[in-house]
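Observations on chain architecture
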Amino acid sequence: MKIVVQEAPFDFAAEVEEFGQGRADMGAIVTFTGVVRDNDAGDLDAMEIEHYPGMTQKALEKIAADASARWDLGDVLIIHRYGRLEPGEKIMMVATSSPHRKDAFEAADFLMDYLKSRAPFWKKEHTGGDASWVDAKDSDEDALNRW
Amino acid sequence: MKIVVQEAPFDFAAEVEEFGQGRADMGAIVTFTGVVRDNDAGDLDAMEIEHYPGMTQKALEKIAADASARWDLGDVLIIHRYGRLEPGEKIMMVATSSPHRKDAFEAADFLMDYLKSRAPFWKKEHTGGDASWVDAKDSDEDALNRW
Amino acid sequence: MDILYFAWVRERIGVPRETVTTEAKTVNELVQELIAKEERYAAAFADISALRVALDQDLSDFDAPLDGVREVAFFPPMTGG
Amino acid sequence: MDILYFAWVRERIGVPRETVTTEAKTVNELVQELIAKEERYAAAFADISALRVALDQDLSDFDAPLDGVREVAFFPPMTGG
């Protein structure tokens, strides 16, 4: 299990290359990558991500451990950035490996649902001099009931 | 949309790096990678993959087009190898990008279900001098009913 | 008409491809013609439910007509991915 | 006891962290004490249902006891991923 919380960009290609390397017992690898999406007007200047340093690593480790207890996983990777990001930049990624396709898919989907609502990150959108906190959606909380 | 059918290994890291590059309108990227899994006894020599050259590209394009019609996707990538592969080698990958996480996940899952049962590939396992064709599972066919 | 065989169907029949002249109107009729020809075809087509067919590189059915079809392929259920 | 604030809770209260001495037995009692202190706290805690609380860096509830707790954090629902 590898959990990284950092301000700097991460090297997605290098991370996926390394992930699951040299394991012939894992038939399936799933990755999810979150990218800062521009708004519909196309004028998002930046996404600012605040987090709770003392809690973040711990919360992500718990989410990864919960996934590992629930599915047959070879490995789990979570990388999440904080700070100021521009549209098109990668915010975060998760990767899961498993002997079975279904486990790898479900575990990655589960990690994302929990990252959204149970990891202490908050997003603020900066648009043409204005700034506003992104509201959590009820649907994000509801998504946890799937598991 | 990019569909590649080839015997040579593919550069997973380079492919994922290129995929969705420079798009600020796609917030979510999902990849699935299939790896030749050793058998439980650990004595799989190789997995041989036969395909139907005239049909493969066409079948994969149809599957990708079906996914694009059904979900809000920015791009779809499918790479599938054929020939003789050793345990631990990557057989294939799919990638999907979408403004929305759910679309990217579902479309990748859909692509895999259809690749399994509707793309003209056949696997033969070589184990200590013996060789046997991998049987399709009823569950693979059943999986298509999910969609 | 070209007939292609893949995986264990190819192995049982012994060739990957052959050209036949046929008056068969449907895939089923073509299969019956082949079965009548030689034992290796009878062995390959013993259980039709274990086979799939593609007409001109599109998946099809055994009761499909062969009008205008140039390439017929027989193979077991696919195991891609 | 250390109290931490994040996102718009931090902005309304005006500081990211402070140390308080309190006799509050639960998170709810602590919130009432803070509200009574100054208007900016009353503004931040006006709608408790819009807030989350963590005790010593684990998510918790507003009726949880504060015995032995060293760090309390208040923040809006998280928006990670």
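See the structure shown above.
In this text the structure is predicted, and so the values were computed from the model without any measurement.

Rules and cut-offs
Residues numbered from 1 in each chain as written. Chains lettered and ligands numbered in written order. Predicted model: local features only at pLDDT ≥ 70, side-chain atom pairs only at ≥ 80, totals over all residues. Heavy atoms only, no water. Contact = heavy atoms within 4.5 Å. Buried area = accessible area lost by both parts, 1.4 Å probe. Salt bridge = Lys/Arg side-chain N within 4 Å of Asp/Glu carboxyl O. Polar contact = N/O pair within 3.5 Å; in protein donor to acceptor, adjacent residues only side chain to side chain. Helix = DSSP H or I, 4+ residues; strand = E, 2+ residues; numbered from the N terminus. Core = buried A, V, L, I, M, F, W, Y, C linked by side-chain atoms within 4.5 Å. Buried < 20%, exposed > 50% of the residue type's maximum accessible area, 1.4 Å probe, protein only. Pairing = 2+ DSSP bridges. Expected span 1.5 Å × (residues − 1). Least-squares fit on C-alpha atoms with pLDDT ≥ 70 in both. Axes fitted to C-alpha atoms, helices over the stretch in contact; angles between N-to-C directions. Lys, Arg positive; Asp, Glu negative; His and termini not counted.

**Focus: the interface of chain D and chain A**
The partner chain A presents 25 residues to the 21 residues of chain D that form the contact. For the chain D and chain A pair, buried surface summed over both sides reaches about 1900 Å², with 56% attributable to carbon and sulfur atoms. Broken down residue by residue, the surface that chain D buries against chain A is led by Met 78, Thr 79 and Gly 81 of chain D, which jointly contribute 38%. Between the two partners, chain D and chain A, sit two salt bridges. Taken together, the connections running from chain D to chain A amount to 13 residue pairs in polar contact (both at pLDDT 80 or more). Taken together, the elements giving at least two residues each to the side of chain D that touches chain A come down to strand E1 (2-5), helix H1 (7-13), strand E4 (58-60) and strand E5 (71-75) of chain D. Here the side of chain D that touches chain A takes four residues from H1 of chain D, the largest share from any one element.

**A short note on the interface of chain B and chain A**
Taken together, the 34 residues of chain B in the interface contact 34 residues of chain A. Of the roughly 2700 Å² buried at the junction of chain B and chain A (both faces included), carbon and sulfur atoms supply 57%. It is Arg 37, Arg 101 and Phe 105 of chain B in chain B that bury the most area against chain A; as a group they hold 25% of the surface buried on that side. On the surface where chain B and chain A come into contact, there are two salt bridges. We note a salt bridge from Asp 113 of chain B to Arg 101 of chain A, for which the minimum N-O separation is 3.0 Å. Viewed at the interface, chain A and chain B are joined by 11 residue pairs in polar contact (both at pLDDT 80 or more). For the side of chain B that touches chain A, the secondary structure elements donating two or more residues are helix H1 (12-18), strand E2 (28-35) and helix H3 (101-118) of chain B.

**Here's the deal with the nonpolar core**
In this structure, Ile 78 and Val 94 of chain A together with Ile 78 and Val 94 of chain B are the most contacted members of the largest nonpolar core, which totals 64 residues. Not counting residues within four places of it along the chain, the set of residues in contact with Val 94 of chain A comprises Val 30, Thr 31, Phe 32, Leu 77, Ile 78, Ala 108, Leu 111, Met 112 and Leu 115 of chain A.

**Regarding the pairing of strand E7 (residues 121-127) of chain B**
Residues and elements named next belong to chain B. Of all seven residues that make up E7, five are buried, and the element is covered over most of its length. Pairing analysis gives four bridges linking E7 to strand E8 (residues 130-133), with the strands arranged antiparallel. Residue pairing across strands places Thr 127 opposite Asp 130, the latter belonging to E8. Remark: two residues form the turn of the hairpin made by E7 and E8, two consecutive strands paired antiparallel; Gly 128 in that turn has positive phi of roughly 45°.

**What about helix H3 (residues 101-118) of chain A?**
Taking 1.5 Å per residue as the helical rise, H3 of chain A with its 18 residues ought to reach 26 Å, and the 25 Å between its terminal C-alpha atoms agrees with that figure. In terms of burial, H3 of chain A is a largely internal element, 15 of the 18 residues being buried.

**Observations regarding the relation of the copies chain B and chain A**
Superposing chain B onto chain A requires a rotation of 180° together with a translation of 0.0 Å along the rotation axis, leaving an RMSD of 0.0 Å. What the superposition gives is, in effect, a two-fold axis relating one chain to the other. Every residue of chain B has its C-alpha some distance from the rotation axis, and the shortest such distance is that of Ala 13 of chain B, at 2.2 Å.

**Thoughts on the sheet that holds E8 of chain B**
Hydrogen bonds between backbone groups are what pair the strands of a sheet, and the pairing can be parallel or antiparallel. Residue and element names in this part refer to chain B. Taken together, the four strands give an open sheet; going across it, the order is E5-E3-E7-E8, and neighbouring strands pair in antiparallel fashion. Unpaired on one side and paired on the other, strand E5 (83-85) and E8 mark the two borders of the sheet. Taken over all neighbouring pairs, the strand axes of this sheet differ in orientation by 25° on average, direction set aside.

**Description of the sheet that holds strand E5 (residues 83-85) of chain A**
Residues and elements named next belong to chain A. With antiparallel pairing, four strands are arranged side by side in an open sheet as E5-E3-E7-E8. In this open sheet, the two strands that pair with only one neighbour each are E5 and strand E8 (130-133). When the angles between neighbouring strand axes are averaged without regard to direction, this sheet yields 25°.

**Section: the arrangement of the chains**
Ranking by contact count across three pairs of chains in contact places chains A and B at the top. Spatially, chain A and chain C are disjoint, and the shortest separation between their C-alpha atoms is 10 Å.

**Brief notes about the side chain of Lys 90 of chain A**
Tracing the sequence through the fold places Lys 90 of chain A in strand E6 (residues 90-98). Of the side chains with opposite charge, Glu 17 of chain B comes closest to the buried, unpaired Lys 90 of chain A, at an N-O distance of 4.9 Å. Ignoring any residue separated from it by four or fewer positions in sequence, one finds Lys 90 of chain A in contact with Phe 10, Phe 12, Thr 33, Gly 34, Val 35, Arg 81 and Leu 85 of chain A together with Gln 21 of chain B.

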